[in-house]
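Below are the chains, spelled out letter by letter.
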Amino acid sequence: MSALLEVRGLSVAYGKVEAVHQAALRLEQGRIVTVIGPNGAGKTTLLAALMGMLPARGSISYAGEEIMRFEPEQRVSRGLCLVPERRELFAAMTVEDNLVLGAFHRYRKRDQTIAADFDEVYRLFPRLQERRKQLAGTLSGGERQMLALGRALMSRPRLLMLDEPSLGLAPLIVRDIFRVIAGLRETGVSILLVEQNARAALQVADYGYVLETGEIVVEGPSANLASDPRVIESYLGLVSSGAG
Amino acid sequence: MNTEIALFLIQDGLTNGAIYALLALALVLVFAVTRVIFIPQGEFVAYGALTLAGLQLGKLPGTAWLLLGVGLAVAVVELAQALRLGLARRIPAILFKFIIIPVALLSLAWWAAPQKPALTLQILLTLVLVVPLGPMVYRLAYQPLANASVLVLLIISVAVHFAMTGLGLVFFGAEGSRTPPFSDAQWKLGVLNISGQSLWVMGASLALIVALLLFFEHTIYGKALRATAINRVGARLVGVSPAMAGKLSFTLAALIGALSGILVAPITTIYYDSGFLVGLKGFVGAIVGGLMSYPIAAAGALLVGLLEAYASFWASAYKEVIVFTLIIPVLIWRSFTTHHIEEEEE
Ligand SMILES: Nc1ncnc2c1ncn2[C@@H]1O[C@H](COP(=O)(O)OP(=O)(O)O)[C@@H](O)[C@H]1O
Ligand SMILES: [Mg+2]
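Just so we're clear, the structure is a prediction, and the values are computed from it rather than from any experiment.

1. Comments concerning the interface of chain B and chain A
On the chain A side, the residues contacting the 24 residues of chain B number 26 residues. Taken together, both faces of the contact between chain B and chain A bury some 2,200 Å²; the carbon and sulfur share is 63%. The largest per-residue losses of area from chain B upon contact with chain A belong to Arg236(B), Leu237(B) and Val238(B), which jointly make up 31% of the total buried on that side. Note that Glu71(A) and Arg236(B) form a salt bridge whose closest N and O atoms lie 2.9 Å from each other.

2. Considerations on the packing of aromatic side chains
By the definition in use, this model includes 15 aromatic pairs over all chains. Between Phe104(A) and Tyr221(B), the ring centres sit 5.7 Å apart and the planes meet at 80°, which makes this aromatic pair edge-to-face. Of the two residues, Phe104(A) sits in helix α4 (residues 104–108) while Tyr221(B) sits in helix α9 (residues 220–230), which places them in two different chains. Under the relative-accessibility criterion, Phe104(A) is labelled buried at 0%. Classification of Tyr221(B) by relative accessible area gives partly exposed; the value is 30%. Aromatic ring contacts, followed pair by pair, group Phe38(B), Phe44(B), Tyr138(B), Tyr142(B) and Phe250(B) into a single cluster. A cation over a ring is seen here: Arg151(A) above Phe90(A), with NZ or CZ 4.9 Å from the ring centre.

3. Details of the site of ligand 1
Residues and elements named next belong to chain A. Taken together, Tyr-14, Ala-19, Pro-38, Asn-39, Gly-40, Ala-41, Gly-42, Lys-43, Thr-44 and Thr-45 make up all the residues around ligand 1. Residue Tyr-14 places a side-chain N or O atom 3.3 Å away from a nitrogen atom belonging to ligand 1. In the environment of ligand 1, an oxygen atom lies 3.2 Å from a nitrogen or oxygen atom belonging to the side chain of Asn-39. Within the complex, 57% of the 560 Å² of free accessible area of ligand 1 lies under protein. If one sorts the elements of the shell around ligand 1 by residue count, helix α1 (residues 43–51) sits on top with three residues. Its residues placed into classes, the shell around ligand 1 shows four nonpolar, five polar and one charged.

4. Quick look at the nonpolar core
Core analysis: the largest hydrophobic core is formed by 148 residues, its most contacted members being Leu160(A), Ile181(A), Ile191(A), Phe38(B) and Tyr142(B). The element best represented in this core is helix α1 (residues 3–34) of chain B, accounting for 15 residues. Non-local contacts of Tyr142(B), meaning those with residues more than four positions away in its chain, are made with Val36(B), Phe38(B), Pro40(B), Val137(B), Leu153(B), Ile156(B), Ser157(B), Val160(B) and Phe250(B).

5. Things to note about the coordination of the magnesium ion (ligand 2)
Residue and element names in this part refer to chain A. Here the magnesium ion (ligand 2) is held by the protein donor atoms Thr-44 (OG1) and Glu-85 (OE), which lie 1.9 to 2.5 Å from it. A residue pair is termed long-range when its members are at least 10 positions apart, and Thr-44 in helix α1 and Glu-85 in the loop between β6 (80–83) and α3 (95–102) qualify at 41 residues. Residue classification places Thr-44 among the partly exposed positions, given a relative accessible area of 33%.

6. Some details on helix α7 (residues 141–154) of chain A
Residue and element names in this part refer to chain A. Helix length check: α7 (14 residues) gives 20 Å between terminal C-alpha atoms against 20 Å at 1.5 Å per residue, within 8%. Most of α7 sits inside the fold, with 12 of its 14 residues counted as buried. By the burial criterion, the buried members of α7 are Gly-142, Glu-143, Gln-145, Met-146, Leu-147, Ala-148, Leu-149, Gly-150, Arg-151, Ala-152, Leu-153 and Met-154.

7. Brief notes about the domain arrangement of chain A
As a measure of interface size, the accessible area lost when the parts come together is often cited. Residue and element names in this part refer to chain A. The assigned domain composition of chain A is domain 1 (1–79 + 158–244) and domain 2 (91–156). A separation of 24 Å is found between the C-alpha centroids of domain 1 and domain 2. Listed per partner, the contact involves 12 residues of domain 1 and 12 residues of domain 2. Of the roughly 970 Å² buried at the junction of domain 1 and domain 2 (both faces included), carbon and sulfur atoms supply 80%. Three residues stand out in domain 1 for area buried against domain 2, namely Ser-77, Ile-177 and Val-180, and they jointly supply 36% of the buried area on that side.

8. Re the pattern of salt bridges
In the structure shown here, the tally under the stated rule is 25 salt bridges over all chains. Close ionic contact of Arg185(A) with Asp206(A) constitutes a salt bridge, the shortest N to O distance being 2.7 Å. Remark: Asp206(A) occurs in the loop between α9 (198–204) and β9 (207–212) and Arg185(A) occurs in helix α8 (residues 171–186); sequence separation between them is 21 residues. Residue class for Arg185(A) comes out partly exposed when judged on its relative accessible area of 24%. Among the residues examined, Asp206(A) registers a relative accessible area of 27% and is labelled partly exposed. Among the salt bridges present, the one from Lys281(B) reaches Glu308(B), with a minimum N-O distance of 2.6 Å. Linking Lys281(B) in helix α12 (residues 275–288) with Glu308(B) in helix α13 (residues 294–314), this pair joins segments that are 27 residues apart in sequence. On the basis of relative accessibility, which here comes to 3%, the residue Lys281(B) falls in the buried class. The class of Glu308(B) is buried, set by a relative accessible area of 5%. Members of the salt-bridge network, linked through shared partners, are Arg106(A), Asp111(A), Asp117(A) and Arg156(A).

9. Description of the environment of Arg179(A)
Assignment of secondary structure puts Arg179(A) in helix α8. Exposure remark for Arg179(A): the relative accessible area of 51% places this residue in the exposed category.

10. As for the side chain of Glu195(A)
Residue and element names in this part refer to chain A. By secondary structure assignment, the location of Glu-195 is in strand β8 (residues 190–195). Although buried, Glu-195 forms no salt bridge, and the nearest oppositely charged side chain, Arg-87, lies 7.7 Å from it. In terms of polar contacts, Glu-195 uses its side chain to reach the side chain of Ser-166, at 3.0 Å. A polar contact of 3.0 Å, which involves the side chain of Glu-195, links it to the backbone nitrogen of Asn-197. Other than its neighbours up to four places away in sequence, Glu-195 contacts Val-35, Ile-36, Gly-37, Lys-43, Glu-164, Pro-165, Ser-166, Phe-178 and Ala-201.

11. Regarding the sheet that holds β9(A)
All names here are of chain A. Pairing is mixed in the open sheet, where six strands are placed in the order β6-β7-β8-β3-β9-β10. Two strands in the sheet have a free side with no partner beyond their single neighbour: β6 and β10 (215–221). For this sheet the average axis-to-axis angle between neighbouring strands, irrespective of direction, equals 15°. The sheet contact formed by β9 and β10 spans six bridges and is antiparallel. Its bridge partner lying in β10, Tyr-209 is registered against Glu-219. Contacting β6 and β7 (159–163), α7 crosses the sheet at an angle of about 175° to β6. Of the strands in this sheet, β3 (32–36), β7 and β8 are in contact with α8, which crosses β8 at around 155°.

What counts and what doesn't
- Residues numbered from 1 in each chain as written.
- Chains lettered and ligands numbered in written order.
- Predicted model: local features only at pLDDT ≥ 70, side-chain atom pairs only at ≥ 80, totals over all residues.
- Heavy atoms only, no water.
- Contact = heavy atoms within 4.5 Å.
- Buried area = accessible area lost by both parts, 1.4 Å probe.
- Salt bridge = Lys/Arg side-chain N within 4 Å of Asp/Glu carboxyl O.
- Phe/Tyr/Trp six-rings, centres within 6.5 Å; stacked < 30°, edge-to-face > 60°.
- Helix = DSSP H or I, 4+ residues; strand = E, 2+ residues; numbered from the N terminus.
- Buried < 20%, exposed > 50% of the residue type's maximum accessible area, 1.4 Å probe, protein only.
- Lys NZ or Arg CZ within 6 Å of the ring centre and 35° of its normal.
- Near = heavy atom within 4 Å.
- Polar contact = N/O pair within 3.5 Å; in protein donor to acceptor, adjacent residues only side chain to side chain.
- Areas by Shrake-Rupley, 256 points an atom, 1.4 Å probe, with all protein chains shown as cover.
- Nonpolar A, V, L, I, M, F, W, Y, C, P; charged D, E, K, R; others polar.
- Core = buried A, V, L, I, M, F, W, Y, C linked by side-chain atoms within 4.5 Å.
- Donors = N, O, S within 2.8 Å, 3.2 Å for Na, K, Ca; no water.
- Expected span 1.5 Å × (residues − 1).
- Domains from an automatic or database assignment.
- Lys, Arg positive; Asp, Glu negative; His and termini not counted.
- Pairing = 2+ DSSP bridges.
- Axes fitted to C-alpha atoms, helices over the stretch in contact; angles between N-to-C directions.

The structure is reproduced here in structure tokens:
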């Protein structure tokens, strides 16, 4: 089976400082793949480069096409979508308008099926429907993450990239968000998940990569990673080695 | 001064102020979306007025040639880029948009101008000749440096302003023009004579403002422009390209400028370089709104119009000095009450 995303020799630099070095990763259609690693490892940089928000070297093949030279807009219209670490919502616009804008490239193509996706997003996140006339800037942290996810879903992604979706959220909301992520796979969306919360990420993912100071140091099916002594020591703490 | 004169000055001030308000809104829009301080806004006013004046005389306006020239320049830039990126399939679209359409518009103007069509058609022709210059100017001058600092973009604006004024001289000549009013009607309201032309100006301005409001609130492209103004990164992530947003905001600014020129042409004699002062008064209004608030910018621009009317009554020779001097306290007040617009981080 050919991969939906195949990244080879990807390097990203801020000026002269390389933040991601020769990364290679692969994601098959319908899978959840996670990239874990400590703060500053280069996870956010990696996703930004995949989205085309940062210049990079190497090769990114997506859905059988080399997309390295594509602008972010062109990647969006091919079904690539990033929920960034900082959410980047339109704070001074309503929840509803944020969702509408998520579907921008589909409005441009005169897609007639957008209304159904509104219902779907509101079904997943009833809170957003309650607050649809409210400005995005007035939402709580958890609601913002729901809106960021909802806005991404409105673009009808084929490959959804999530940058630390659990960051700064209460445990109960984290559980909800991960439930939605797991549910998305059922609808055929492939997911590239970046997390510091390695335990939750490895639970939901099929395959994982460990990124340290810009390089991929370990990779493997999630179950193997979760029982890898190095991963346990650095990312899962002692508790899970006892439980495992 | 008696009531009659006072009321007349108010009418005069509001008429001019309505046009400054339109320009102020365009400036706020362009700045919010692209961070460009759009000094050449006034040139679009002059181009609009002089193009319409040319058509009314039955002459082919210079704008038609200018559009073709600028179109050729954009075509060269776009073709070079398409070849560099290996996107040969874009070539037909580029040739169509930047060469064939300008040639078609030139021919249309050539054919239509001597027949002196109805005023509405002349206005439409003026708009299709002037407005495309907006996005083309963006493509040529600003897009290559879209990520530069506000100061660099401002310097580009100054350069574009001088270039467009110079081209105005070449293509329209040095003589001023004044078009006949849209309406000769006069109404007596008490002691006040209301002229049809000022009603036209105020009505059209109001209609345009309402149309812009509806555009921003209810259309996907209007929302995309607002989104870009609010969060550029977020906008890119949903597929709104900064280049598209930039061209769209420049198209609107050019449309507003050209329409303002068409409205102002029967009131004032417009020369190739008259746009600058008109635009500057809009700019003062926009500054009152901190280049951020649409309603305050519009109100500020109306105030500028009123100040100007009274200043020209009392000390006509000094009216510009008075208008621009009175703005200093406003700027001082604003600099104390608002914090500066930060350069974007990242
Ligand atoms: N805009 C930037 N300019 C310069 N260096 C940056 C920038 N953003 C991130 N970095 C550096 O790149 C490295 C990777 O950062 P990042 O991708 O944010 O890591 P992570 O998401 O894994 O925490 C860090 O050393 C960070 O300091
Ligand atoms: Mg990060």
